[in-house]
Amino acid sequence: MPADPEGKPPTVTPVRVFIALCLVAPFVAMLWVSSYAKVDPTFIGIPFFYWYQMLWVLISTALTMIAYKLWQRDQRARKGGGSA
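Okay, so let's go over this structure.

The rules behind each value
Residues numbered from 1 in each chain as written. Predicted model: local features only at pLDDT ≥ 70, side-chain atom pairs only at ≥ 80, totals over all residues. Heavy atoms only, no water. Helix = DSSP H or I, 4+ residues; strand = E, 2+ residues; numbered from the N terminus. Buried < 20%, exposed > 50% of the residue type's maximum accessible area, 1.4 Å probe, protein only. Contact = heavy atoms within 4.5 Å. Areas by Shrake-Rupley, 256 points an atom, 1.4 Å probe, with all protein chains shown as cover. Expected span 1.5 Å × (residues − 1). Axes fitted to C-alpha atoms, helices over the stretch in contact; angles between N-to-C directions. Parallel < 35°, antiparallel > 145°, perpendicular 65-115°, else oblique. Left-handed = near helix turned anticlockwise from the far one by under 90°. Nonpolar A, V, L, I, M, F, W, Y, C, P; charged D, E, K, R; others polar. Polar contact = N/O pair within 3.5 Å; in protein donor to acceptor, adjacent residues only side chain to side chain. Salt bridge = Lys/Arg side-chain N within 4 Å of Asp/Glu carboxyl O.

## Quick look at the overall build of the protein
In terms of helices and strands, the protein carries two helices and zero strands. Out of the 84 residues in the protein, the part that is buried amounts to 18%. Within the protein, contacts between residues at least 6 apart in sequence are counted, and of these 46% link residues at least 24 apart. With an accessible surface of roughly 6,500 Å², the protein has 72% of that area assigned to carbon and sulfur atoms.

## Describing unusual backbone geometry
For residues that are not glycine, phi is negative in most cases, and the peptide bond is trans in most cases. Geometrically, the link from aspartate 40 to proline 41 is a cis peptide bond, its omega value of 0° lying close to zero. Within the secondary structure layout, proline 41 lies in the loop between helix H1 (14–31) and helix H2 (48–78). Located in the positive-phi region is isoleucine 44, a residue other than glycine, with phi close to 45°. Locating isoleucine 44 in the fold gives a position in the loop between H1 and H2.

## Some words on H2
An α-helical segment advances 3.6 residues per turn. Residues three or four places apart therefore align on the same side. Given a rise of 1.5 Å per residue, 31 residues ought to cover 45 Å, and the 44 Å separating the end C-alpha atoms of H2 matches this to within 8%. Along H2, the residues classified as buried are Phe48, Tyr52, Trp56, Ser60, Leu63, Ala67, Leu70 and Asp74. Positive backbone phi, approximately 80°, marks glycine 80, located one or two places after H2.

## Observations concerning the packing of H1 against H2
Put simply, H1 and H2 touch, their axes get as near as 9 Å, and they point 165° apart. Between H1 and H2, the angle is such that the two are roughly antiparallel. As for how H1 packs across H2, the hand of that crossing is left-handed. Along the lines of polarity and charge, the residues of the contact of H1 with H2 split into 16 nonpolar, four polar and three charged.

## So, the side chain of arginine 16
Mapped onto the fold, arginine 16 is located in helix H1. At a separation of 2.9 Å, a polar atom in the side chain of arginine 16 contacts the side chain of aspartate 74. Not counting residues up to four positions away in its chain, the partners in contact with arginine 16 are Thr11, Trp71, Asp74, Gln75 and Arg78.

## Examining H1
In this model, H1 (18 residues) spans 25 Å end to end at C-alpha, consistent with the 26 Å of a helix rising 1.5 Å per residue. For H1, every residue scored as buried is listed here: Arg16, Ile19, Cys22, Pro26 and Ala29. Buried-residue contacts for H1 involve H2.

## Describing the pattern of salt bridges
In the structure shown here, the tally under the stated rule is two salt bridges. A salt bridge links aspartate 74 to arginine 16; the nearest nitrogen and oxygen atoms lie 2.9 Å apart. Remark: arginine 16 occurs in helix H1 and aspartate 74 occurs in helix H2; sequence separation between them is 58 residues. Here aspartate 74 falls in the buried class, since its relative accessible area comes to 12%. For arginine 16, a relative accessible area of 19% translates into the label buried. A salt bridge links aspartate 74 to arginine 78; the nearest nitrogen and oxygen atoms lie 3.2 Å apart. Here aspartate 74 and its partner arginine 78 are both found in helix H2, four residues apart, which amounts to about one turn of the helix. Through salt bridges with shared partners, a single network forms among Arg16, Asp74 and Arg78.

Next comes the structure, spelled out in structure tokens:
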């Protein structure tokens, strides 16, 4: 996508779309209850319903960190800053 007449980069970029997907994925996973509303398979005696949600706590943390780092890099690039 070309820059606009003022020389600003486009607002929607592939990096920003990926950032949005990283932030939306945990919500979709948790709101789609029928995908994990079951007992089996158990993990160390814990029903799937519970360990799946706890796993998403870790996944959400990782995805949020990735989104934050990408956002920082995107903002530096837009301001003409140097490398990380």
